[in-house]
Amino acid sequence: MPPNSTYRDMNIYARSSTKKDVSSFVGKRSRSPSPKNNNQHHKNKKSHNRSHSSNDLPIRVNWLTLASVFCMISGFIFYLAPLERIFFGEPPKCASTEEEFGYLAKVDQHFDQVYHHKVKCHEPGYRRERMLKAAPKKCGTLVYDELMTTEEALELRKMAAKLVYEMGETNPFSRESVNLHWVNLHHVFKKGYKQNVFNESDFNLIKRASERARNVIAETFGLPREQMFFTTVAQFTRYRPMTRYSQFRHVDKVRSQSLVVTSILWLSNYDYDFGGGRTAFLTGGPKPFTPLLVEPKVNRFAAWTSGWENPHEVMQMMWGERLALIFAFTVNPYLGERSMDTMKAWAQSIPDNPFMA
């Protein structure tokens, strides 16, 4: 290539296939390709390269497309019809609206006799009770509206409001206890006398309520009365809708395996003292877990066996406050007290500071 060749001439030389072509281009600069022709040459080469490189591309795209379409269609099919539906059929539907709920007891009903809603006992859950020969013979939920007289129930209502206000406690770290205040009876027996918010007349009233509750429960569920002991879950409670509602369906025996029966004496009226807050037992039917609602009212007593046969919940409360007295029973003599008298003696024997006994 001549020493005075320009950059364009060098480029042409590099791109040419023979020296003859180069000499013709160098000898006649006026005939060298114009920028327009040069650009056209680049475009032709790029299109030629693309045509060569795209020979194998349609095959790859076709396989990827087929795989993507297959995955999309199969995923859509299993979304509409999951494997368990294909092999086991359509699962039973649960009650989803209040129109499908049943009622165990409405606020305008009155039960002057014990009403027993029977369900089949969950036998594996009562193996410890069977070892002590104290398993319930019948299971379910009972409702009774004449456990106490009206005057006694109103006295208990005043007592509950006063004691929860003066001595109540809560647990802000538990999602079910944010709206709940309670005071344990053994705490009342120990400190209530000293704080002048509790007296012997109040104690006798609680004692009568506890004995009547135990008698009704023993007779209804076929439990030996002499083997029913009061656990420390003996308390006044006050429920208020302070924070956002959090559904909490549960089984009592899962939370405390020693329980055999849980009971509650309501001291407030549904739709008068509070709105919402009904208790739902998921033992209705025919659909599984269909709620049976109990609307609380003053002096309404309910009790239920604590096993897997009785899942339940407190439904969302809208306004007001709901007061109640709770007794929970066990048949293990080492985990409960025989009466309110022995619970009181035990509570008062506990030193104020357990580390300074």
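Keep in mind the model is a prediction, meaning the values are calculated, not measured.

Caption draft 1: Seen up close, the nonpolar core. Membership of the largest hydrophobic core comes to 50 residues, with the highest contact counts inside it found for Leu156, Ile217, Phe236 and Phe327. The element contributing the most residues to this core is helix α9 (residues 200–221), with nine residues. Setting aside chain neighbours within four positions, we find Ile217 in contact with Leu142, Gly222, Leu223, Met228, Val261, Ser263, Phe301, Ala303 and Phe329. Residues Val143, Trp266, Phe281 and Ala324 belong to the second largest nonpolar core, which totals 13 residues.

Caption draft 2: Spatial organisation of the sheet that holds strand β13 (residues 322–330). Read across the sheet, seven strands follow the order β2-β3-β10-β6-β13-β5-β4 without closing on themselves; strand pairing throughout is antiparallel. In this open sheet, the two edge strands, each paired with only one partner strand, are β2 (115–119) and β4 (180–184). On average, each strand axis in the sheet is inclined to that of its neighbour by 20°, with strand direction left out of account. Examined bridge by bridge, strand β6 (residues 259–266) and strand β10 (residues 301–305) share five bridges and lie antiparallel to one another. By the bridge assignment, Thr262 is partnered in β10 with Trp304. Sheet strands touched by helix α7 (residues 150–167): β4, β5 (229–239), β6 and β13. Its angle to β5, the strand with the most contacts, is close to 85°. Against the sheet, α9 makes contact with β2, β3 (139–144), β5, β6, β10 and β13, and its axis sits at roughly 135° relative to β3, the strand it touches most.

Caption draft 3: Quick peek at the packing of α7 against α9. In the contact formed by α7 and α9, the axes pass within 11 Å of each other and the chain directions differ by 115°. Read as a crossing pair, α7 and α9 show a hand that is left-handed. Touching Glu152, Glu155, Leu156, Met159 and Lys162 of α7 are Asp202, Leu205, Ile206, Arg208, Ala209 and Arg212, all from α9. When the residues that make up the contact of α7 with α9 are grouped by side-chain class, the tally is five nonpolar, no polar and six charged.

Caption draft 4: Spatial organisation of a nonpolar patch on the surface. Taken together, the side chains of Val69, Met72, Ile73 and Ile77 make up a nonpolar region of the molecular surface, amounting to roughly 370 Å² of accessible area. By relative accessible area, Met72 is classed as exposed at 59%.

Caption draft 5: Quick look at the sheet that holds strand β11 (residues 312–314). If you walk across this open sheet you meet the four strands as β1-β9-β8-β11, and the pairing is mixed. Strands at the two margins of the open sheet, each flanked by one partner only, are β1 (102–105) and β11. Within this sheet the neighbouring strands show an average axis-to-axis angle of 25°, counted without direction. Of the strand pairs in this sheet, strand β8 (residues 279–281) and β11 are connected by three bridges, and their pairing is antiparallel. Bridging across to β11, Ala280 finds its partner in Glu313.

Caption draft 6: Inspection of the state of the cysteines at higher detail. Tallied over the entire structure, the rule returns one disulfide. The partner cysteine of Cys121 in its disulfide is Cys139, sulfur to sulfur 1.9 Å. Looking along the S-S bond of the Cys121-Cys139 disulfide, the torsion reads about 105°, which is the right-handed sense. With Cys121 in the loop between β2 and α6 (127–131) and Cys139 in strand β3, this residue pair connects regions lying 18 residues apart in the sequence. Here Cys121 matches Cys139 in class, with each residue buried.

Caption draft 7: Representation of the pattern of salt bridges. Tallied over the full model, the rule gives 14 salt bridges. For the salt bridge of Arg212 with Glu152, the shortest nitrogen-to-oxygen distance reads 2.9 Å. One end of the pair, Arg212, is in helix α9; the other, Glu152, is in helix α7, and 60 residues separate them in sequence. The class of Glu152 is buried, set by a relative accessible area of 13%. In this structure, Lys344 and Glu200 form a salt bridge, with 3.2 Å as the shortest nitrogen-oxygen distance. Of this pair, Lys344 sits in helix α11 (residues 340–349) while Glu200 sits in helix α9, and the two are 144 residues apart along the sequence. Bridged by salt links that share partners, the residues Asp145, Lys297 and Arg300 form one connected network.

Calculation criteria
Residues numbered from 1 in each chain as written. Predicted model: local features only at pLDDT ≥ 70, side-chain atom pairs only at ≥ 80, totals over all residues. Heavy atoms only, no water. Core = buried A, V, L, I, M, F, W, Y, C linked by side-chain atoms within 4.5 Å. Buried < 20%, exposed > 50% of the residue type's maximum accessible area, 1.4 Å probe, protein only. Helix = DSSP H or I, 4+ residues; strand = E, 2+ residues; numbered from the N terminus. Contact = heavy atoms within 4.5 Å. Pairing = 2+ DSSP bridges. Axes fitted to C-alpha atoms, helices over the stretch in contact; angles between N-to-C directions. Left-handed = near helix turned anticlockwise from the far one by under 90°. Nonpolar A, V, L, I, M, F, W, Y, C, P; charged D, E, K, R; others polar. Patch = residues over 30% accessible without salt bridge, like charges linked within 9 Å, V, L, I, M, F, W, Y side chains within 5 Å. Areas by Shrake-Rupley, 256 points an atom, 1.4 Å probe, with all protein chains shown as cover. Salt bridge = Lys/Arg side-chain N within 4 Å of Asp/Glu carboxyl O. Disulfide = S-S within 2.5 Å.

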